[in-house]
Amino acid sequence: MATPNIEMAEQLLNDPYWRLNHLYYIIDKSGNKELFKLNWAQEKLYKEMWYCNLILKARQLGMSTFVTLLFLDRCLFNSNQHAGIIAHTRED
């Protein structure tokens, strides 16, 4: 029989929304390591996500960071998942 703390941890780790807001760190614009938290635009996309999403690119909303972490999270916590990002230039 699992203890309540283990059950709670399992419940949290089974929640992709919780994982995105509590497990991943990013480097901010100033070069500081900080915990990733969904901003308003990322949260809207997450909540309204569909099987085919078109993101009209707006600068500084963190969409590339969000999508990259979403792909990472899906690949880490789900079997048989693959992800790729195609950028507009080779360097990107």
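As shown above, the structure is provided for reference.
Only a predicted model underlies this, so the values are computations on that prediction, with no experimental measurement involved.

Conventions adopted
- Residues numbered from 1 in each chain as written.
- Predicted model: local features only at pLDDT ≥ 70, side-chain atom pairs only at ≥ 80, totals over all residues.
- Heavy atoms only, no water.
- Phe/Tyr/Trp six-rings, centres within 6.5 Å; stacked < 30°, edge-to-face > 60°.
- Helix = DSSP H or I, 4+ residues; strand = E, 2+ residues; numbered from the N terminus.
- Buried < 20%, exposed > 50% of the residue type's maximum accessible area, 1.4 Å probe, protein only.
- Lys NZ or Arg CZ within 6 Å of the ring centre and 35° of its normal.
- Axes fitted to C-alpha atoms, helices over the stretch in contact; angles between N-to-C directions.
- Parallel < 35°, antiparallel > 145°, perpendicular 65-115°, else oblique.
- Left-handed = near helix turned anticlockwise from the far one by under 90°.
- Contact = heavy atoms within 4.5 Å.
- Nonpolar A, V, L, I, M, F, W, Y, C, P; charged D, E, K, R; others polar.

Colleague: Give me the lowdown on the packing of aromatic side chains, citing residues and values where you can.
Modeller: Evaluated as defined, the whole model comprises two aromatic pairs. Consider the rings of Tyr17 and Tyr46, whose centres lie 5.6 Å apart with planes at 50°: the pair is tilted. On the criterion of sequence distance, the pair formed by Tyr17 in helix 2 (residues 16-22) and Tyr46 in helix 3 (residues 40-48) is long-range, its members being 29 residues apart. For Tyr46, a relative accessible area of 18% puts it in the buried group. The cationic tip of Arg19 hangs over the ring face of Phe77; the distance from NZ or CZ to the ring centre is 3.9 Å.

Colleague: Which residues make up the packing of helix 3 against helix 4 (residues 63-77), and what are the values?
Modeller: It is at 10 Å that the axes of helix 3 and helix 4 come closest, and there the two elements cross at 45°. Accordingly, the angle class assigned to the pair helix 3 and helix 4 is oblique. As for how helix 3 packs across helix 4, the hand of that crossing is right-handed. Judged by residue contacts, Ala41, Gln42, Leu45 and Tyr46 of helix 3 engage Met63, Phe66 and Leu70 from helix 4. Residue classes in the contact of helix 3 with helix 4 are distributed as six nonpolar, one polar and no charged.

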